[in-house]
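An overview of the molecular structure
Here is what each chain is made of, one letter per residue.
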Amino acid sequence: MRTVETTAKTGPDGVLRLELPTGQPDQTVHVVVTLQPISETDQQARLLKAGIRPPVRWNEEQIRPLNLGDPPVSQTLIEDRR
């Protein structure tokens, strides 16, 4: 006996469809399903535990502009034309 744990999402019709690979073709197996709703914080904690950084909204993470230290390309083009 082994335990297979997965997370799945119900469809718009409210039906949960499961496909579990067993590695045992043409076998009859006993299956027990436990349904437990997952809150968003629980889901993020599971992702962090698995080493996956949960997605963030674009506005939440402030990214500093890239500064190369050179003059802008537009300024270089204007100076080269003179």
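So, a few notes on the structure that sits alongside this text. A quick note: this is a predicted structure, and the numbers were derived from the prediction, not measured. (Residues numbered from 1 in each chain as written. Predicted model: local features only at pLDDT ≥ 70, side-chain atom pairs only at ≥ 80, totals over all residues. Heavy atoms only, no water.)

**Considering the overall build of the chain**
Stated formally: Each helix is a run of DSSP H or I of at least 4 residues and each strand a run of E of at least 2, with the numbering of both proceeding from the N terminus. Per-residue accessibility, obtained with a 1.4 Å probe over protein chains only, is compared with the maximum for each type, and a residue is labelled buried under 20%, exposed over 50%, and partly exposed between these values. Here the open area of atoms and residues is found with the Shrake-Rupley method and a 1.4 Å probe, where only the protein chains shown may cover a residue.
Looking only at helices and strands, the chain features two helices and zero strands. Considering the chain as a whole, with its 82 residues, one finds that 1% of them fall into the buried category. When the accessible surface of the chain is split by element, carbon and sulfur atoms take 53% of a total near 9000 Å².

**Points about a nonpolar patch on the surface**
The following threshold applies: Patches draw on residues past 30% relative accessible area with no salt bridge. Two like charges within 9 Å are joined, as are two nonpolar side chains (Val, Leu, Ile, Met, Phe, Trp, Tyr) within 5 Å. What makes a salt bridge here is a side-chain nitrogen of Lys or Arg within 4 Å of a carboxyl oxygen of Asp or Glu, nothing more.
Taken together, the side chains of Val4, Leu18, Leu20, Val29, Val31, Val33 and Leu35 define a hydrophobic patch exposed on the protein surface, amounting to about 630 Å² of accessible area. Topologically, Val33 is positioned in the segment before helix H1 (40-49).

**Overview of the pattern of salt bridges**
Per the stated rule, a full pass over the model turns up one salt bridge. A salt bridge links Asp13 to Arg17, with the shortest nitrogen-to-oxygen separation between them at 3.0 Å.

**Brief notes about unusual backbone geometry**
Look at Asp26: it is not a glycine, yet its phi comes out positive at around 55°. Secondary-structure assignment places Asp26 in the segment before H1.

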